[in-house]
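Reading the structure
Here is how the chains run, residue by residue.
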Amino acid sequence: MNPSSCQLPISFSIEKLQNDLQTCETNLWTPHFNTNRYEGKWTSVSLRSQSGLETDILSFADKEYKNTPLLDSCPYFKEIMDWFECEKEAVRLLRLGSNSEIKEHVDNDTSYEDGFFRIHVPIVTNSEVYFYVDKKLVPMKMGECWYANFQLPHSVQNKSSEPRIHLTLDCIRNYWSDELFSKMGFDVNFVYKKQYSDEVKQQIIAELSRNPSETNVKIIAELQSQMNL
């Protein structure tokens, strides 16, 4: 099985990241829409969104995305985006306020094996921020570049007195990324067999129920049939 998280073999300038962040310190930050997922303050601003607006922070797969006007004022963020030689969907800044928490949850179809990978680049963080994926602490430091399988249960606790701010990029897997992930030790031919605990199945069902469709109804029924009710 491929790792639940992995640091990419590249790092970025903390000074340049924080310079571009200053450009984004406006009143455009929007509270995260999943209010039952967190306690405290969790806000975001978009550099790529479906509508092209900075305040549109929704992230759904298989939609068309466009750069927001804010990106034009953030040359280093654009440089980082261009480093990834693949299609990008949502690109956002995610800010978790001091003494705030993102509760454990799962994001469906967000693993490399599903053809998707979400990248985190910490811009502001410290040793009192605890980011867990699959119950394992992921020690992200400023300027580093990380992938994680967010289809697994994950959570974040910011126990510090300052906000934690990450640049996140939702990327579509391709030949370029397969070569990159192969060098990081991934088996790009691995087929992820989704064998979850009942607790994780309940979390997936809750996420699918937010976005009803004929396909999701079938997946929910299949998951429910596998549970020890």
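Residues numbered from 1 in each chain as written. Predicted model: local features only at pLDDT ≥ 70, side-chain atom pairs only at ≥ 80, totals over all residues. Heavy atoms only, no water.

This brings us to helix H4 (residues 198-209). For H4, with 12 residues, the first-to-last C-alpha span of 16 Å sits near the 16 Å given by 1.5 Å per residue. Taken together, the buried positions of H4 are occupied by Val200, Lys201, Gln203, Ile204, Ile205, Glu207 and Leu208. (Helix = DSSP H or I, 4+ residues; strand = E, 2+ residues; numbered from the N terminus. Expected span 1.5 Å × (residues − 1). Buried < 20%, exposed > 50% of the residue type's maximum accessible area, 1.4 Å probe, protein only.)

By the secondary structure assignment, Phe116 is in strand S8 (residues 116-124). Spatially, the C-alpha atoms of Phe116 and Ile172 are 4.8 Å apart, while their sequence positions differ by 56 residues. Not counting residues within four places of it along the chain, the set of residues in contact with Phe116 comprises Glu89, Asp109, Thr110, Ser111, Asp170, Cys171, Ile172 and Arg173. (Contact = heavy atoms within 4.5 Å.)

The sheet built from 5 strands is open, its strands ordered S3-S7-S12-S9-S10 with antiparallel pairing. Both outer strands of the open sheet, strand S3 (38-39) and strand S10 (136-137), are each paired with one neighbouring strand and no more. When strand S9 (residues 129-133) meets S10, the two strands line up antiparallel, connected through 2 bridges. Of the residues in S10, the one forming a bridge with Val133 is Lys136. (Pairing = 2+ DSSP bridges.)

In this section: the layout of surface pockets. Approximately 180 Å³ is the volume attributed to the second largest pocket. If you go around the second largest pocket, you meet 13 residues; those closest to its centre are Asn126, Ser127, Val129, Pro139 and Met140. It is S9 that contributes the most residues to the lining of the second largest pocket, 3 residues altogether. Among the residues forming the lining of the second largest pocket, the class breakdown is 8 nonpolar, 4 polar and 1 charged. (1 Å grid on protein atoms, 1.4 Å probe; cavity = no way out; pocket = protein on both sides within 12 Å on 5 of 7 lines; lining within 4 Å. Points joined across faces, edges and corners; volume = space filled by probe spheres on them. Nonpolar A, V, L, I, M, F, W, Y, C, P; charged D, E, K, R; others polar.)

Moving on to the pairing of S8. The buried count for S8 comes to 9 of 9 residues, which makes it a mostly enclosed element. Two elements, S8 and strand S11 (residues 146-148), share 3 bridges in a ladder whose sense is antiparallel. Considered in S11, the bridge of Ile119 is made with Tyr147.

Per the stated rule, a full pass over the model turns up 14 aromatic pairs. For the pair Trp83 and Phe84, a centre-to-centre distance of 4.9 Å together with 80° between the ring planes defines the contact as edge-to-face. Between Phe117 and Phe181, the aromatic rings sit 5.3 Å apart at their centres with planes inclined by 65°, giving edge-to-face as the arrangement. Taken together, the residues span a long stretch of sequence, with Phe117 in strand S8 and Phe181 in helix H3 (residues 175-183) at a distance of 64 residues. Cluster of aromatic residues (ring-pair linked, three or more members): Tyr112, Phe117, Tyr147, Phe181 and Phe186. Lying across the ring of Trp29, Arg95 places its NZ or CZ 4.2 Å from the centre. (Phe/Tyr/Trp six-rings, centres within 6.5 Å; stacked < 30°, edge-to-face > 60°. Lys NZ or Arg CZ within 6 Å of the ring centre and 35° of its normal.)

All right, on to the packing of helix H1 (residues 14-24) against helix H2 (residues 75-83) then. Running from amino to carboxyl end, H1 crosses H2 at an angle of 120°, the nearest separation of the two axes being 8 Å. Taken as axis vectors, H1 and H2 run oblique relative to one another. Of the residues in H2, those in contact with Lys16, Leu17, Asp20, Leu21 and Cys24 of H1 are Pro75, Tyr76, Phe77 and Ile80. Each residue belonging to the contact of H1 with H2 can be placed in one class, and the counts come to 7 nonpolar, no polar and 2 charged. (Axes fitted to C-alpha atoms, helices over the stretch in contact; angles between N-to-C directions. Parallel < 35°, antiparallel > 145°, perpendicular 65-115°, else oblique.)

Per-residue confidence for the protein chain gives a mean pLDDT of 89; residues scoring 70 or more make up 93%. Across the protein chain, the element-wise mean pLDDT spans from 72 in helix H5 (residues 214-226) up to 98 in S9. (pLDDT = per-residue confidence, 0-100.)

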